[in-house]
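# Descriptive structure summary
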Amino acid sequence: MSKVSMLSAVVAALSLSACMTNQPLGDPPPATEIERVARLAHQKTYGKPPTALQIGQLHRVPMFFDSEEYMVCLSTQERTLGPVFDNAGNQLAAEGTPFRQSHALHLKLYNDGWGSGIYRRFESRKIGQVQISDFCPGSVDSW
């Protein structure tokens, strides 16, 4: 490909992207749809349905490239996979101790309906350029 045709292709692509405007973020889906998407996202991410799913806050955040997106905070009931110890070696919780695991869900309207491209634990820290801790509460343990 010659330099002139390569340059023309780049200019055309930049012109097209400049003409495309960000569509304003519409109204969020109803709570039942948010719950459906959250259950499906948890199932796909962890291979099991969520236990005691609780839907929290819904936020409009600049997640990617300064465009507004929806982020949902939620939590599930989980159990420790093994014993939990502090830095001094004292056991804080036995294996199987229940706790609330906080998650964040990127809620997006696709061509075929609402869905989630990203489902992360609170401890993952970020989705895109957004700090999860700025919007969602952390996981809660009893120890």
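Refer to the structure above for everything that follows.
Residues numbered from 1 in each chain as written. Predicted model: local features only at pLDDT ≥ 70, side-chain atom pairs only at ≥ 80, totals over all residues. Heavy atoms only, no water.

## Focus: the overall build of the protein chain
What counts, and what does not: The helix and strand labels rest on DSSP assignments: H or I over at least four residues marks a helix, E over at least two residues marks a strand, and numbering proceeds from the N terminus. Remark: exposure states derive from per-residue accessible area (1.4 Å probe, protein chains only) relative to the maximum for the residue type, with buried under 20%, exposed over 50%, and partly exposed in between. Any two residues having at least one pair of non-hydrogen atoms within 4.5 Å are treated as being in contact.
Looking only at helices and strands, one finds two helices and eight strands in the protein chain. Its helices and strands taken in sequence order, the protein chain reads α-α-β-β-β-β-β-β-β-β from the N to the C terminus. The buried share of the protein chain, taken over its 143 residues, is 29%. Once local pairs closer than 6 in sequence are excluded, the contacts in the protein chain between residues at least 24 apart make up 50%.

## A look at the nonpolar core
Our working rule: Only buried residues count toward a nonpolar core, which is a set of Ala, Val, Leu, Ile, Met, Phe, Trp, Tyr and Cys residues joined through side-chain atoms within 4.5 Å.
Ranked by size, the top nonpolar core spans 12 residues in total: Ile34, Val37, Ala38, Ala41, Leu53, Tyr70, Val72, Leu74, Leu105, Leu107, Trp114 and Tyr119. Looking at this core, the elements that each hand over two or more residues are helix H2 (31-46), strand E2 (67-79), strand E5 (98-110) and strand E6 (113-121). The element that contributes the greatest number of residues to this core is H2, accounting for four residues.

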